[in-house]
Amino acid sequence: MGPVTRLSVEGRGLRPSKILCVARNYPEHARESGAPVPETPVFFLKPTTALLESGGTVLLPPQSRRVDVEGELAIVLGKGGRDVPWEGAMDLVLGYAVIFDITARDLQAEAKAKGLPWTAAKGFDTFAPISPVTPAARVGDPDGLSIRVEVNGGLAQDGNTRDMVHKVPDLIREASRIMRLERGDVLATGTPAGVREIRDGDVLVGTIERVGRLEVRVSRKV
Ligand code: MG
């Protein structure tokens, strides 16, 4: 199994036009990254070519010496919109998935220090592994879901989506004030504390209550 550009929704494929991610949306993770939670959500993009299906292999790029895994709840949209009101935001949600926001931390730190974009740090092929999508009706309220990441069987992240500062409808509303959202788009909602360095040979497992399970291997790119 390798890179994909389609998401699996109950056996059918859905093609996202973009992957929007949120920086520092959990206070404990903001603390470990040494900066406060932004008052309004700060978004960045990953290319859809970074998508990887569960069972695939995350490739460590030769340009980086430090790559981390961040486990996150992904919102998958069934409908698009622009300037979506808060009250209508949840109507856009098709379902949810487990996503890893894989990050070349050294490249990100360098970009931060130089005031440059995070495109390389976040955008390598295979840097957005995602589980199959679970329909919203089966998940119910996305606030209050346990979210865990294990690296080689050891617990790295153990959080809960209730600790998100900017909640699912806030994120949809704010993102849609910047750009048109489209059917299939993915919105990664930020990571709890405990981001962990990953190495060649590691096995990463992410689980979110009622949403699903994501498992990938890690290998050096040759
Ligand atoms: Mg993240």
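Each remark here, short or long, concerns the structure printed above.
Presented here is a report on the structure given in the accompanying data block. Everything numeric in this text was worked out from a predicted model, so none of it was measured. (Residues numbered from 1 in each chain as written. Predicted model: local features only at pLDDT ≥ 70, side-chain atom pairs only at ≥ 80, totals over all residues. Heavy atoms only, no water.)

## Section: helix α2 (residues 105-114)
Here's step 1: Of all the positions in α2, only Arg-105, Leu-107, Gln-108 and Ala-111 are classed as buried. Burial along α2 is one-sided: seen end-on, the buried residues are contained in an arc of 160°. Opposite its buried face, α2 presents the exposed residues Ala-113 and Lys-114, each directed more than 90 degrees away.
Here's step 2: Positive backbone phi, approximately 70°, marks Gly-115, located one or two places after α2. (Buried < 20%, exposed > 50% of the residue type's maximum accessible area, 1.4 Å probe, protein only. Helix = DSSP H or I, 4+ residues; strand = E, 2+ residues; numbered from the N terminus. Arc of directions from axis to C-beta.)

## Points about the coordination of the magnesium ion
Here's step 1: Binding of the magnesium ion to the protein goes through Glu-70 (OE), Glu-72 (OE) and Asp-101 (OD), at separations of 2.0 to 2.2 Å.
Here's step 2: All donors to the magnesium ion come from one chain, and their sequence spacing reads E-x1-E-x28-D. Glu-72 shares its class with Glu-70; the two are buried. (Donors = N, O, S within 2.8 Å, 3.2 Å for Na, K, Ca; no water.)

## Observations regarding the sheet that holds strand β16 (residues 196-198)
Here's step 1: An order of β10-β7-β16 is seen for the 3 strands of this open sheet, with the pairing classed as antiparallel. For this open sheet the edge positions go to β10 (103-104) and β16, each flanked by a neighbour on one side alone.
Here's step 2: Here 2 bridges tie strand β7 (residues 67-69) to β10, and the two strands are oriented antiparallel to one another. Bridged to Asp-68 within β10 is Thr-103. (Pairing = 2+ DSSP bridges.)

## Description of the pairing of strand β8 (residues 71-77)
Here's step 1: Burial of β8 is extensive: 7 of the 7 residues sit out of reach of the surface.
Here's step 2: Relative to strand β9 (residues 93-100), β8 is paired through 7 bridges, and the arrangement is antiparallel. Residue Glu-72 lies in a different strand from β9, and its bridge partner there is Ile-99.
Here's step 3: Where β8 meets strand β15 (residues 186-188), 3 bridges bridge the pair, whose relative direction is antiparallel. Following the sheet pairing, Ala-74 is matched in β15 by Ala-188.

## What about the sheet that holds strand β13 (residues 146-151)?
Here's step 1: One open sheet accounts for 5 strands, arranged β6-β18-β17-β13-β14; its pairing is mixed. Lying at the two open borders of the sheet, with one neighbouring strand each, are β6 (57-60) and β14 (154-160). Here the average twist between neighbouring strands, direction ignored, is 20°.
Here's step 2: Of the strand pairs in this sheet, β13 and strand β17 (residues 203-208) are connected by 5 bridges, and their pairing is antiparallel. Counted as the bridge partner of Glu-150 is Val-205 from β17. (Axes fitted to C-alpha atoms, helices over the stretch in contact; angles between N-to-C directions.)

## Topic: the nonpolar core
As a rule of thumb, soluble globular proteins bury nonpolar side chains together.
Here's step 1: Ranked by size, the top nonpolar core spans 63 residues in total, and within it Ile-102, Ile-172, Leu-187, Ile-198 and Leu-204 carry the most contacts.
Here's step 2: With 6 residues, the top contributor of residues to this core is β9.
Here's step 3: For Ile-172, the contacting residues outside a window of four places in its chain are Ile-75, Leu-77, Val-84, Ala-89, Leu-92, Val-93, Leu-181 and Leu-187. (Core = buried A, V, L, I, M, F, W, Y, C linked by side-chain atoms within 4.5 Å. Contact = heavy atoms within 4.5 Å.)

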